[in-house]
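# Per-entry structural report
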Amino acid sequence: MTASADARALYAAAEAAAHRPTPHVPCHACANGATILADRPDGAVVRHGDAVAKSHAPDTDPGALDTRVAVAAHLLLAGILLPPLAPPVPAARPVTTWPYGAPVDPADPEAAPWEEAAALLARLHAVDPAALPGPLPPMRGPAKAARALARMAAAGADLSAAEPVLRAWRALPAWARDEVRAPGPSYLCHGDLHLGQLVRHPAPTGPWQLIDIDDLGLGDPAWDLARPAAWYAAGLLPPDTWTRFLDAYRAAGGPAVPPDGDPWPLLDVPARALTVQTAALALAKSTAERRELDEAERAMLASCVRIAALPPELARDPSS
């Protein structure tokens, strides 16, 4: 893969972070050189030894990013969020630096840390926002969903495929479409929870921690459970895995759902929003790449078709 200019610009930042003496990252692997971990239009991630440098999107709010990084560095988040190595570096694309953590192995789905992810979310949601640096920005989950719809439209996705996605989107309440503030109390939320947001630190066998603070902020904690809930509803996450995840969250005292009983009334709207977001991105990507939807993408689109056809009260039931 040829590195973009954005990725190449991160090499020096990653190398400098690897050589910076810190209590978090011993500099014993600097000789390994730089490795591109991600190189996308919205940002790149480069590793050098035990340090990682990440560039953020050009439209990133510098003040909000500073606050999010400061929250990740706060003692109340120790063992929950991976701590940064330094404050953000201002630039056209702001740069942050982090310790390297070992990611989830995609080739070993049976070992996926669903319970650990749930417990981390419960601990994150329990942190008192008033004790953290602020003002805390809103959790950006609904904003990401709205951007996915815009991306689908910009890609020129087939209208017949996009129509049920649009109908399901229009059926969501305004707060889930990022048009108004979410009702109810706000909790500290991750905003974009999936298995790619967990790493072991120190690598490779340290405890699991959450990464990626781009969407961190105040909002409805049910949003952080919405992606696995949507996968379960679409038949992509086995029922026993969903149950293990939900039980672990409840056992850790997570506030997003009641401690027992049916969680779906509180998960319904966020799960539908994540279903729409995922389907919209699938149509945008498949259109841009001129390919057919894969099996998982078809399942999410089918969920949108089902959601769009159901009255709101029936959309609560993931087995319908």
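So, here's what we can say about the structure. By convention here, each chain's residues receive numbers from 1 onward along its written sequence. Only residues with pLDDT of at least 70 are given local features in this predicted model, and only at 80 or more are side-chain atom pairs given and counted; all residues enter the totals for whole chains, interfaces and linings. To get the side-chain values, take all heavy atoms of the structure and skip hydrogens and water.

## Topic: the pattern of salt bridges
Only one rule defines a salt bridge in this text: a Lys or Arg side-chain nitrogen within 4 Å of an Asp or Glu carboxyl oxygen. Counted by the stated rule, this structure contains 13 salt bridges. Here glutamate 289 makes a salt bridge to arginine 291, at a shortest N to O gap of 2.5 Å. Any residue under 20% of the maximum accessible area for its type is buried, any over 50% is exposed, and the rest in between are partly exposed; the area is computed with a 1.4 Å probe on protein chains only. Residue classification places glutamate 289 among the partly exposed residues on the basis of a relative accessible area of 49%. The exposure class of arginine 291 is partly exposed, given its relative accessible area of 30%. By sharing partners, the salt bridges in this structure join Arg140, Lys144, Asp192, Asp215 and Arg227 into a single network.

## What about the nonpolar core?
In this text, buried Ala, Val, Leu, Ile, Met, Phe, Trp, Tyr and Cys residues form a nonpolar core when linked through side-chain atoms within 4.5 Å. Grouped together as the largest cluster of nonpolar side chains are 45 residues, with contacts concentrated most on Leu77, Leu198, Leu210 and Leu225. If you list the elements that add at least two residues to this core, you get helix 2 (62-73), helix 3 (114-126), strand 7 (198-200), strand 8 (208-210), helix 6 (226-234), helix 7 (239-251) and helix 8 (264-289). Secondary structure is summarised from DSSP: a helix means a run of H or I of at least four residues, a strand means a run of E of at least two, and numbering begins at the N terminus for each. The biggest single contributor to this core is helix 3, with 7 residues. The contact criterion used throughout is that any non-hydrogen atoms of two residues lie within 4.5 Å. Among all residues touching leucine 77, those that are not within four sequence positions of it are Val71, Ala72, Leu124, Val127, Leu132 and Leu188. Of all hydrophobic cores here, the second largest spans 33 residues; its members include Ala161, Ala176, Val269 and Leu274.

## Some words on the pairing of strand 2 (residues 43-48)
Taken across its 6 residues, strand 2 has 5 buried, putting it largely inside the fold. Pairs of strands are assigned from DSSP output, requiring at least two bridges between the strands. Two elements, strand 1 (residues 34-40) and strand 2, share 6 bridges in a ladder whose sense is antiparallel. Among the inter-strand pairings, threonine 35 is bridged to a residue of strand 2, identified as arginine 47. Between strand 1 and strand 2, which follow one another and run antiparallel, lie 2 residues. Remark: 2 residues form the turn of the hairpin made by strand 2 and strand 3 (residues 51-55), two consecutive strands paired antiparallel; glycine 49 in that turn has positive phi of roughly 60°.

## Notes on the sheet that holds strand 2
Across a sheet, paired strands are connected by hydrogen bonds in the backbone, their directions being either parallel or antiparallel. Taken in spatial order, the 4 strands make up an open sheet running 1-2-3-4, and their pairing is antiparallel. The open sheet terminates on both sides in strands that have one partner only, identified here as strand 1 and strand 4 (95-99). Ignoring strand direction, the axes of neighbouring strands in this sheet form an average angle of 15°. Axes here refer to lines fitted to C-alpha atoms; in helices the fit is confined to the stretch in contact. Angles between the N-to-C directions go from 0 to 180 degrees.

## Describing empty space enclosed by the protein
Where empty space is left becomes clear once a probe the size of a water molecule has been rolled over the atoms. The pocket and cavity definitions rest on a 1 Å grid over protein atoms only: a 1.4 Å probe that fits but cannot leave marks a cavity, an open set with protein on both sides within 12 Å along at least five of seven lines marks a pocket, and residues lining either have an atom within 4 Å of a point. Grid points are joined across faces, edges and corners, and a volume is the space filled by probe spheres set on the points. Using the criterion set out here, one finds 2 cavities of 30 Å³ or more in the structure. For the second largest cavity, the calculated volume is near 60 Å³. Taken together, Gly141, Lys144, Gly191, Asp192, Leu193, Trp223, Asp224, Arg227, Leu274 and Gln277 make up the full set of residues lining the second largest cavity.

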